[in-house]
Amino acid sequence: GYIDSCAVHEWGSTKVVEFKQEEGTGCGISTIVIRGATPNIMDDIERAIEDGVNIFKAIIRDARFVAGAGAAEMEVASKIRSMGEATPGQDQYAIKKYAEAFEVIARILANNAGLDATEIISTLYSQHEEGKKNIGVNVEGGVMDAVENGIFDQMIAKKKAIDLATNA
């Protein structure tokens, strides 16, 4: 590779060597310099940057999204629960328990927001049975349409989580 300029700058009391490429060189590499008052802040910033980079890499691989706020999980739970109710014999109990496992995300969101999780789950089931597939937990109270509010989750992350949990 090559650079267009190299300079030493002082940030605070730290000398930093800056290697710079001018715009339009077609280089897809960037360096991010982070500073923080304590090592804990530096660790938090580093984790946030790594999370952002990993999300970007995942989006490059698979750009599909599903409704967030527990909506996708509740839709899956609703469909599996319906299948369980239509299944005769002892298998229906296993199928219903599998459906119940998908409620966990919505239940955790509701509990963490200080909401009545049982009431929220009940409301979500009724909304999803009416065909409102994007209804999820509103952490400010009640339920809401996740897509209308711009809340999405990566489909590949959901798929991998379900695969890992199911095959465990």
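Criteria and cut-off values
- Per-chain numbering applies: the sequence of each chain, read as written, is numbered from 1 onward.
- Residues qualify for local features only when their pLDDT is at least 70, as the model is predicted, and side-chain atom pairs are given and counted only at 80 or more; totals for whole chains, interfaces and linings, by contrast, use all residues.
- Note: side-chain values were computed over all heavy atoms of the structure, leaving out hydrogens and water.
- Put simply, DSSP marks the helices as runs of H or I at least four residues long and the strands as runs of E at least two long, and each gets a number from the N terminus on.
- Throughout, a residue-residue contact means that at least one pair of heavy atoms, one from each residue, lies within 4.5 Å.
- The buried label goes to any residue with under 20% of its type's maximum accessible area, the exposed label to any with over 50%, and the partly exposed label to all in between, with areas taken from a 1.4 Å probe on protein chains only.
- Of all possible arcs, the one meant is that of the directions from the helix axis to the C-beta atoms.
- Surface patches are defined over residues having more than 30% relative accessible area and no salt bridge, joining like charges when they lie within 9 Å and nonpolar side chains (Val, Leu, Ile, Met, Phe, Trp, Tyr) when within 5 Å.
- Computed with the Shrake-Rupley method and a 1.4 Å probe, the accessible areas treat only the protein chains shown as cover for residues.
- Any carboxyl oxygen of Asp or Glu that lies within 4 Å of a side-chain nitrogen of Lys or Arg is treated as forming a salt bridge with it.
- Charged residues are defined here as Lys and Arg on the positive side and Asp and Glu on the negative side; His and the ends of the chain fall outside this count.
- To locate a charge, the coordinates of NZ of Lys, CZ of Arg, CG of Asp or CD of Glu are taken.
- Among buried residues, those of type Ala, Val, Leu, Ile, Met, Phe, Trp, Tyr and Cys that are joined through side-chain atoms within 4.5 Å constitute a nonpolar core.

## Describing the side chain of Gln154
Thought 1: Note that Gln154 resides in strand β6 (residues 152-154).
Thought 2: Here Gln154 is in contact with Ile55, Ala58, Ile59, Arg64 and Phe65, once residues within four sequence places are set aside.

## Some thoughts on helix α3 (residues 91-101)
Thought 1: Within α3 the residues assigned to the buried category are Gln92, Ile95 and Ala99. Viewed along the axis of α3, the buried residues span an arc of 65°, placing them on a single side of the element. Opposite the buried face of α3, by more than 90 degrees, sit the exposed residues Ala94 and Lys97.
Thought 2: Looking at the buried side of α3, the elements it contacts are α2 (71-86) and α5 (117-129).

## Things to note about a negative patch on the surface
Thought 1: Taken together, the side chains of Asp43, Glu46, Glu50 and Asp51 present a region of like negative charge at the surface.
Thought 2: Of note, Glu50 is situated in helix α1 (residues 39-61).
Thought 3: Residue Glu50 is classed as partly exposed on the basis of its relative accessible area of 42%.

## Here we look at the pattern of salt bridges
Opposite charge on two side chains allows them to pair when their charged atoms are near.
Thought 1: According to the stated counting rule, one finds 10 salt bridges in the structure shown.
Thought 2: A salt bridge links Glu103 to Arg107; the nearest nitrogen and oxygen atoms lie 3.2 Å apart.
Thought 3: The class for Glu103 is buried, based on a relative accessible area of 9%.
Thought 4: Where salt bridges share partners, they join Glu73, Asp153 and Lys158 into one cluster.

## Examining the nonpolar core
Thought 1: Core analysis: the largest hydrophobic core is formed by 15 residues, its most contacted members being Met74, Ala106, Leu124 and Val137.
Thought 2: Here this core gets five residues from one element, more than from any other, and that element is α5.
Thought 3: Setting aside its immediate chain neighbours within four residues, Val137 contacts Ala69, Ala106, Leu109, Ala110, Leu115, Ile120, Leu124, Gly142 and Met144.
Thought 4: Listed in part, the five residues of the second largest apolar core include Ala67, Ala69, Met144 and Ala146.

Remember, this is a structural readout, not a statement about activity or role.
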